[in-house]
4 protein chains.
Amino acid sequence: MYKSLTSRAARQLLQPAKATTLGRRHVHAPVAFDWKDPLGSHNNFTEEELAVAETAESYCQERLLPRVLEAYRNEEYDPKILQEMGELGLLGATIQGYECAGVSSVASGLITRAVERVDSGYRSGQSVQSSLVMGGIEEFGSEEQKDKFLPGMAKGKILGCFGLTEPNHGSDPGSMESMAKPHPTKKGYYSLSGSKTWITNSPIADVLLIWAKLQETGKIRGFLVERSQCPPGTLETPKLPHKNGLRASITGMIHMDAIPVAHEMMLPSVEGLRGPFSCLNSARYGIAWGTIGALEDCISRSRDYALTRRQFKNNPIAKYQLVQKKLADATTDAAFGIQAALQVGRLKDEGKVAPEMISMIKRQNCDRALVNARCLQEIFGGNAVSDEYHIGRHVSNLFVTQTYEGQSDIHALILGRAITGIQAFV
Amino acid sequence: MYKSLTSRAARQLLQPAKATTLGRRHVHAPVAFDWKDPLGSHNNFTEEELAVAETAESYCQERLLPRVLEAYRNEEYDPKILQEMGELGLLGATIQGYECAGVSSVASGLITRAVERVDSGYRSGQSVQSSLVMGGIEEFGSEEQKDKFLPGMAKGKILGCFGLTEPNHGSDPGSMESMAKPHPTKKGYYSLSGSKTWITNSPIADVLLIWAKLQETGKIRGFLVERSQCPPGTLETPKLPHKNGLRASITGMIHMDAIPVAHEMMLPSVEGLRGPFSCLNSARYGIAWGTIGALEDCISRSRDYALTRRQFKNNPIAKYQLVQKKLADATTDAAFGIQAALQVGRLKDEGKVAPEMISMIKRQNCDRALVNARCLQEIFGGNAVSDEYHIGRHVSNLFVTQTYEGQSDIHALILGRAITGIQAFV
Amino acid sequence: MYKSLTSRAARQLLQPAKATTLGRRHVHAPVAFDWKDPLGSHNNFTEEELAVAETAESYCQERLLPRVLEAYRNEEYDPKILQEMGELGLLGATIQGYECAGVSSVASGLITRAVERVDSGYRSGQSVQSSLVMGGIEEFGSEEQKDKFLPGMAKGKILGCFGLTEPNHGSDPGSMESMAKPHPTKKGYYSLSGSKTWITNSPIADVLLIWAKLQETGKIRGFLVERSQCPPGTLETPKLPHKNGLRASITGMIHMDAIPVAHEMMLPSVEGLRGPFSCLNSARYGIAWGTIGALEDCISRSRDYALTRRQFKNNPIAKYQLVQKKLADATTDAAFGIQAALQVGRLKDEGKVAPEMISMIKRQNCDRALVNARCLQEIFGGNAVSDEYHIGRHVSNLFVTQTYEGQSDIHALILGRAITGIQAFV
Amino acid sequence: MYKSLTSRAARQLLQPAKATTLGRRHVHAPVAFDWKDPLGSHNNFTEEELAVAETAESYCQERLLPRVLEAYRNEEYDPKILQEMGELGLLGATIQGYECAGVSSVASGLITRAVERVDSGYRSGQSVQSSLVMGGIEEFGSEEQKDKFLPGMAKGKILGCFGLTEPNHGSDPGSMESMAKPHPTKKGYYSLSGSKTWITNSPIADVLLIWAKLQETGKIRGFLVERSQCPPGTLETPKLPHKNGLRASITGMIHMDAIPVAHEMMLPSVEGLRGPFSCLNSARYGIAWGTIGALEDCISRSRDYALTRRQFKNNPIAKYQLVQKKLADATTDAAFGIQAALQVGRLKDEGKVAPEMISMIKRQNCDRALVNARCLQEIFGGNAVSDEYHIGRHVSNLFVTQTYEGQSDIHALILGRAITGIQAFV
């Protein structure tokens, strides 16, 4: 009834063995476990990807890390950071052409992991520029729009922001109230009005990708609003201060009061929520890599602390079972998270990714990064309260990553719908 | 200071793009999410591996599933199962030659996943035969030992068991008390005495791979004890009844009272704990796949139940958020677990696996399978108490898998030691 | 603006201090911590309550414990147990008169805790008799009904069961299909038809309290069905075998096919779901105490095991941090659970209890008992699989207690509704 | 063999029933569930205690709440707060005499709950003054010391701090390095040197209760150091800035370089760790109440938010199951935590408290407040990042409360030692 494997194996013995079907034939020298890469993911990356990762890692550790503490304390974001990243090709890096690097999705994931290893806020700033705005223009823009914006954005000379979320419609963008009507006086123009909130980079953006309903059709469309073209009083982008996380990024509102927007600044190739959702999916993919970077930094810092800090008979606290368990748990989730993100990255480049896969890795990696970072924070005892140990900052940041671009529960319901075929949002 | 990616990208534009560095250039048809394979792991398997999986799945669903309920109720294990598996090449499947199938470690993982999808006890019986005993003989046995045992074991005609754990030394086999002394009367023989417990298949085994200390050296060695060669009264293998999990497998003790064992039945190529630990690592690798199989069965059954069961205004309970979250959580952990096991399988075949990687996937997949199976069990409400829904059986089994072959906390400390360089067992 | 405490304190200095306002004036001899009663609850019980507890404890440990292993293995429930309990006054113990003991609700909680310390199934059998059936008759029955049934039930000579749950309506009894119509031929009788499932004690019950819709009104009413009065073929109560928990209790279905029930056997004083819900509330209150009893047994057994079992350099495993943490967690939840149940018990007797309070303690104590029992089970390592350590039985039982009489999530939604004023069941 | 309850009940029928043994005789009007007091704890407080609570609540809501946002943002603590509290009798409130209020331990718990409902930092400031310093002087000081300090401290005119923790000895104060030697030149004086860190109120303290080893005996003793008496250069108390929690309290170091301390400023009645541990126990008792206050504020704020915030078809998000479950969980843990703290408070005043009871409630209430506050924070979605919703502040504070005065794991090991008789610290 069933086909025996051994007959297949017999056939196979006549053929040269393929790599993946080889059993463990040869005795290998024992491989050492590397806590920084517990499941040997370096074996999965191409040389180019490893080179990209190294460039990004060096930049982030040498140039970003020294600034982050002051930036976080004072809620300051230096827009030069995007210019520096641009010079290294770290912006819009998966885009082919338009002076972008054209690297693989996995390489792009390694970049966000490197950036978020320093700070989730820095990664947010980069994600907005790369995935949300450049990605949106590349995917849905006209050739003119691409030519006009992408090269400058790739260099970090034109800064972008992504205006989707509204004050009253966080998890449910379909209910947005922003509206583009025919402009009452300027021909060939729309008049764009409405408010957006929690918009990373809005106060410093040169070009704002705004999602609004086109009055004529009632459908959501994307509009590229150039700050320099807005008549006085039509655009305000006040900063939202006093955040308790992502303080090293800048976040603001967008108030639009009848901004005239030329017809040719509307994204031509998309209508409805598919547009912003596609951009968000790219950003969420990056978050799945990034939050593991933040967790890895927490692991590294708490391991160092546990090896240095001595309590009770001069033992390093790394000797205590309750400390080791926290490290083991975190390391495991980081390693699993990398493998899952890697898989989705490969499928992405092969055109085999379903959006729910991205919901899955975004949700899980944010959740596990947050949970483990919190546990690791306990290792620092009372010292955790000092920002110089960095872990408190990661914990505060990771909470925000868990809630933005789809709160964990919302992604659970997206997955639940895909699993059961039934929606449970309402 | 840093090398810009764009220069690299520029170079790259002159070359034909390699698959993995291709950005998402082409608009792909949307890919549908498959809750049975959420992260698209089928893309990672070779055709041969998929064929192996299909053979195993069909056998398990058609031949094992119909027997499991009665077997579990009555604590009965039919040794013919191993013979059936042998006929299909499912035993010792990674071994090259000796009439074994010689498939990849990933294929072997897919086999254990298929078996454990039905029952962890059936997988235990198969793991013992394949990984612990056949694997041990293949890795550490003499050519004569291999020729004598492996072909018959591959066919399921010779049944094996693995005698390591002793009543007082569960997590710490180094303290074992079983001893092989020079036989007082039979030249060329050892006299083997001691007790082993929780030994899967011991009551039905034809050949027992016993780990014991060699008196002369004080070092642990492996001995192949043939039941048919044991003088009356020297070997007893009573069944341990009244188990609350793995009831479809058979478990027993081994009492050895001066069994004469010929010198040539000692495994020649290994000394110390490296021997049994190497075998255990293979088995643990299989458990990491298997427990995800059990979890996947729980997901499938609870999804079906949730779609069928109606409560409150005739809604299928799959519509409720609290139910969907359980399904989303479980599906995520199953998908992540497969990716991690797959990675370790590939590294295994390439000789790049560290034992701690196996500790990591064994621990995490057992833990997550157990936690999620328990949550899914809640979906069944009061009906969960009936064994006909199968999920209670999986939950009980999975608790055992979490405690055997290294309890979760022990693997946490193995990982903790590898991460910190400090042992915390005592 | 605010009244200073010191002025009040000044006044107070002129008066004799009341007990509760006394600061820690006197140096007290240090009080030893008792892991069996971590928050000193014995101080909260009256002498009578302590005496009741002692009677119940002695009986349970001396008479029930020795039978439970065999009963659980074989799914056997000895109805004599209820008779024994009846002789000691443990049935319907809070009822005044009718040969019942008339003790406080706290004393009654201490009884269920003692019984469930042995087995949740034994407690289930007792709860059904006491809270569901006797409680229902006492609260809603006519004087004739009380006189007829209560004294015999108190003695365990008449056994009762409670027929509410139907096969298709577990969490939502309001949708029940059982129906009482005017009897077509017997005047003064109803004709009762329908099916009930998961009914503890149904196969052995002499009197069945059946909830069904009265056809005339469409309202739910309670009917006392005496097995001895049912014409052949009208009542069947088959046992549901092959349970994976509560195996030491007996559970069955009830099939009713036009049973004639005299009008005077309908409970006169209640209509609608208030009737069964009131009974369930009493039972749930008992479960809140009982499950802590089961957890306390798990704590005691795992503590003993941890002190006896030695691993790694001959240390008792109680020395390991990961083991101690499990014991500390479980002990804490047990102690908190007792205080909360105690509070609700006192409020119950004072007529100050809201049903949601009972949802709260039923849910939390079941959940925490289950979670902690599972963690403690890990202490036993591989040995946990043997039923002789008892903890696996408690774990399996406690899962059932979490799902019956309101699954944990259902009680969460009951609480959520009370907290927010909005129902989220559908 | 066993004494039947019914005979006891029979006897009892001849006597007038005592309150606690009364069954639920009378039909009571249904009691409404109050989410602010889910288990009806108001029934457990005396009128005086309720009055104390009301005074404290009014003050905190009306005077503290309006300042907290700015104070937290800017890391500022206004020492006038202690003076205001002093005027209301909220400092050292359990102390009898010395112009203190002399209220019960439960009343004192209600005060800390009211203060921490606003901010854990404000409660920290008050705890230090009341439990650690005033409590220490009252318990172990000479009559002269009490007369000199307590009345002024009760009024908040003399501010105190508690110097125990040293930079290298957080969880293990027994290893402290601070030392008091005979003063080389001033007769009748010690010379006190060493460093302390994470000392709440140290920068503003007038009197510092310093724990140091007395060189002559090697035993730890307490010293009352008056800032005004310290020669220049002997005492420095720099503020520790850039905290990520408890930012509304002030924390600093203490550097002591040969401070001359008169012999009569050493606490006469205690030697060894018993001194500081006794003070810490009082403070921990207060924390157990306080953290529930913070959690209750989180519940109230997230409930309000969930009732106001609308998503998906204009439903308030309070309608969603995943939101209701978070509210139900948090409310339950808050209610259980109050009952446990109440029990320990009563036992404290009766001299029946064991220190481990305080470890238990401190640990559990901190842990559960933190876990639930984090879950509730998710209800706010992206808005949680704004400090104006207050919940992020509570979350950050509660993490600190979980680590100070005994990190959760340390208390687990204290409990583990009490449960098993074996210490597992090293």
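Residues numbered from 1 in each chain as written. Chains lettered and ligands numbered in written order. Predicted model: local features only at pLDDT ≥ 70, side-chain atom pairs only at ≥ 80, totals over all residues. Heavy atoms only, no water.

If you check an unreviewed UniProt entry, chain A appears there as glutaryl-CoA dehydrogenase (ETF) from Friedmanniomyces endolithicus. According to UniProt, the comment filed for chain A under the heading Cofactor (unreviewed entry) is "FAD". Per its UniProt entry, chain A bears the Catalytic activity (unreviewed entry) comment "glutaryl-CoA + oxidized [electron-transfer flavoprotein] + 2 H(+) = (2E)-butenoyl-CoA + reduced [electron-transfer flavoprotein] + CO2". (UniProt positions renumbered as here; feature names shortened; annotations may be inferred.)

Peer 1: Any chance you could explain the overall build of chain A here in plain terms?
Peer 2: Each helix and strand in chain A was counted, giving eleven helices and nine strands. For chain A, the C-alpha atoms occupy an extent of roughly 80 × 65 × 45 Å along the three principal directions. Here chain A, with 426 residues, has 68% of them falling under the buried criterion. The long-range fraction of contacts in chain A, counting pairs at least 24 apart against all pairs at least 6 apart in sequence, stands at 75%. (Helix = DSSP H or I, 4+ residues; strand = E, 2+ residues; numbered from the N terminus. Buried < 20%, exposed > 50% of the residue type's maximum accessible area, 1.4 Å probe, protein only. Contact = heavy atoms within 4.5 Å.)

Peer 1: Before we go on, may I ask you to explain the relation of the copies chain C and chain D in this structure?
Peer 2: Both copies of the chain are related by one operation, a rotation about an axis with a shift along it. Overlay of chain C on chain D (RMSD 0.0 Å): rotation 180 degrees, translation along the axis 0.0 Å. Both copies of the chain, as the preceding transformation shows, are related through a two-fold rotation axis. The residues that chain C uses at the interface reappear at the interface of chain D in 100% of cases, marking a shared surface. (Least-squares fit on C-alpha atoms with pLDDT ≥ 70 in both.)

Peer 1: Hey, could you run me through the side chain of D:H169 in this one?
Peer 2: Assignment of secondary structure puts D:H169 in the loop between β1 (160-163) and β2 (179-182). In terms of polar contacts, D:H169 uses its side chain to reach the backbone carbonyl oxygen of D:S175, at 3.4 Å. There is a polar contact of 2.6 Å between the side chain of D:H169 and the side chain of D:E177. Excluding residues within four positions of it along the chain, D:H169 makes contact with A:R309, A:Q311, D:S175, D:M176 and D:E177. (Polar contact = N/O pair within 3.5 Å; in protein donor to acceptor, adjacent residues only side chain to side chain.)

Peer 1: Quick question: what am I supposed to make of unusual backbone geometry here?
Peer 2: Residues other than glycine predominantly adopt negative phi, and peptide bonds predominantly adopt the trans conformation. Residue and element names in this part refer to chain C. The backbone of W198 shows a phi angle near 55 degrees, a positive value even though the residue is not glycine. Relative to the assigned elements, W198 resides in strand β3 (residues 189-200). Judged by its relative accessible area of 22%, W198 falls in the partly exposed class. Phi angles above zero are rare outside glycine, and L246 is one such case at about 50 degrees. Relative accessible area serves as the criterion here: at 5%, L246 is assigned to the buried category.

Peer 1: Explain the relation of the copies chain C and chain B to me, please; I cannot follow it from the model alone.
Peer 2: The two copies are related by a screw motion: chain C maps onto chain B through a turn of 180 degrees and a shift of 0.0 Å along the axis, at an RMSD of 0.0 Å. Of the interface residues in chain C, 100% have counterparts in chain B that sit at the interface too, so the contact is made through matching surfaces.

Peer 1: Sorry if this is basic, but what is going on with the UniProt feature "domain: Acyl-CoA dehydrogenase/oxidase C-terminal" (unreviewed entry) in chain A here?
Peer 2: According to UniProt, the feature "domain: Acyl-CoA dehydrogenase/oxidase C-terminal" (unreviewed entry) maps to residues 272-419 of chain A in the numbering used here. Taken end to end, residues 272-419 of chain A comprises 77% helix and 3% strand; its first and last C-alpha atoms sit 24 Å apart.

Peer 1: I tried to follow the packing of helix α8 (residues 321-349) of chain A against helix α9 (residues 355-379) of chain B on my own but got confused; where do I start?
Peer 2: Packed helices, taken two at a time, are described by the angle their axes make and the gap between the axes. Remark: α8(A) packs on α9(B), axes separated minimally by 11 Å, with the N-to-C direction vectors making an angle of 90 degrees. Taken as axis vectors, α8(A) and α9(B) run roughly perpendicular relative to one another. Only B:M360, B:I361, B:R363, B:Q364 and B:N365 of α9(B) make contact with α8(A), whose side of the interface consists of A:K325, A:A328, A:D329, A:T331, A:T332, A:D333, A:A335 and A:F336. Class assignment of the residues belonging to the contact of α8(A) with α9(B) gives a composition of five nonpolar, four polar and four charged. (Axes fitted to C-alpha atoms, helices over the stretch in contact; angles between N-to-C directions. Parallel < 35°, antiparallel > 145°, perpendicular 65-115°, else oblique. Nonpolar A, V, L, I, M, F, W, Y, C, P; charged D, E, K, R; others polar.)

Peer 1: When you look at the interface of chain C and chain D in this model, what are you seeing that I'm missing?
Peer 2: How big an interface is tends to be expressed through the accessible area that disappears when the partners come together. Each partner contributes residues to the interface: chain C has 107 residues there, and chain D has 107 residues. Of the roughly 9100 Å² buried between chain C and chain D, counting both surfaces, carbon and sulfur atoms make up 58%. Where chain C packs against chain D, one counts two salt bridges. C:D329 serves as the salt-bridge partner of D:R363, at 2.6 Å between the closest nitrogen and oxygen. Seen at the junction of chain C and chain D, the total is 24 residue pairs in polar contact (both at pLDDT 80 or more). Among the secondary structure elements, those contributing two or more residues to the side of chain C that touches chain D are α1 (5-14), α2 (47-74), α5 (120-140), α7 (274-308), α8 (321-349), α9 (355-379) and α11 (408-420) of chain C. (Buried area = accessible area lost by both parts, 1.4 Å probe. Salt bridge = Lys/Arg side-chain N within 4 Å of Asp/Glu carboxyl O.)

Peer 1: Explain the packing of aromatic side chains here, please?
Peer 2: To describe a pair of aromatic rings, one takes the distance between the centres and the angle between the planes. All chains considered together, the criterion is met by 36 aromatic pairs over all chains. Ring centres of D:F45 and D:W289 lie 6.4 Å apart, and the angle between their planes is 50 degrees; this geometry places the pair in the tilted category. Here D:F45 is found in the loop between α1 (5-14) and α2 (47-74), whereas its partner D:W289 is found in helix α7 (residues 274-308), with 244 residues between them in sequence. Accessibility assignment for this pair places D:F45 and D:W289 in one class, buried. Ring-pair connections join several aromatic residues into one group, and the members of that group are A:Y305, A:F380 and A:Y389. Residue placement shows C:K186 over the ring face of C:Y189; its charged tip is 4.3 Å from the ring centre. In this arrangement the basic side chain of D:K348 is found over the ring face of D:Y285, its NZ or CZ atom lying 5.1 Å from the centre. (Phe/Tyr/Trp six-rings, centres within 6.5 Å; stacked < 30°, edge-to-face > 60°. Lys NZ or Arg CZ within 6 Å of the ring centre and 35° of its normal.)

Peer 1: Honestly, the interface of chain C and chain B in this entry has me stumped. Any pointers?
Peer 2: At the junction of the two partners, chain C supplies 42 residues and chain B supplies 42 residues. Between chain C and chain B, a total of about 3900 Å² is buried, with carbon and sulfur atoms accounting for 55% of that surface. Together, C:H242, C:F312 and C:V385 form the three largest contributors to the area buried by chain C at its contact with chain B, with a combined 18%. For the pair chain C and chain B, the number of links is two salt bridges.

Peer 1: Explain helix α11 (residues 408-420) of chain D here, please?
Peer 2: Helical geometry: 3.6 residues make up each α-helical turn, so side chains three or four residues apart lie on a common side. Residues and elements named next belong to chain D. With 13 residues, α11 should reach 18 Å at 1.5 Å per residue; the first-to-last C-alpha distance of 18 Å fits that figure. Burial runs high along α11: eleven of the 13 residues are buried. Buried within α11 we find S408, D409, I410, H411, A412, L413, I414, L415, G416, I419 and T420. Count one or two residues on from α11 and you reach G421, which has phi positive near 80 degrees. (Expected span 1.5 Å × (residues − 1).)

Peer 1: Quick question: what am I supposed to make of the pattern of salt bridges here?
Peer 2: A side chain with one charge can pair with a side chain of the opposite charge if their charged atoms come near. For the structure shown, the criterion picks out 100 salt bridges over all chains. With a shortest N-O distance of 3.1 Å, C:D329 and C:K325 are connected by a salt bridge. Of this pair, C:D329 and C:K325 both sit in helix α8, four residues apart, roughly one helical turn. C:K325 sits in the partly exposed class, given a relative accessible area of 26%. What emerges from the salt-bridge pattern is a single network uniting A:E57, A:R113, A:R117 and A:E296.

Peer 1: Would you mind showing me how to read the packing of helix α11 (residues 408-420) of chain A against helix α8 (residues 321-349) of chain B here?
Peer 2: Between α11(A) and α8(B), the least distance of the axes is 8 Å, while the angle of their chain directions is 85 degrees. Between α11(A) and α8(B), the crossing angle belongs to the class labelled roughly perpendicular. Seen from α11(A), the contacting residues are A:D409, A:A412, A:L413, A:L415, A:G416, A:R417, A:I419 and A:T420; seen from α8(B), they are B:Q321, B:Q324, B:K325, B:L327, B:A328, B:T331 and B:T332. Looking at side-chain class alone, the contact of α11(A) with α8(B) contains six nonpolar, six polar and three charged residues.

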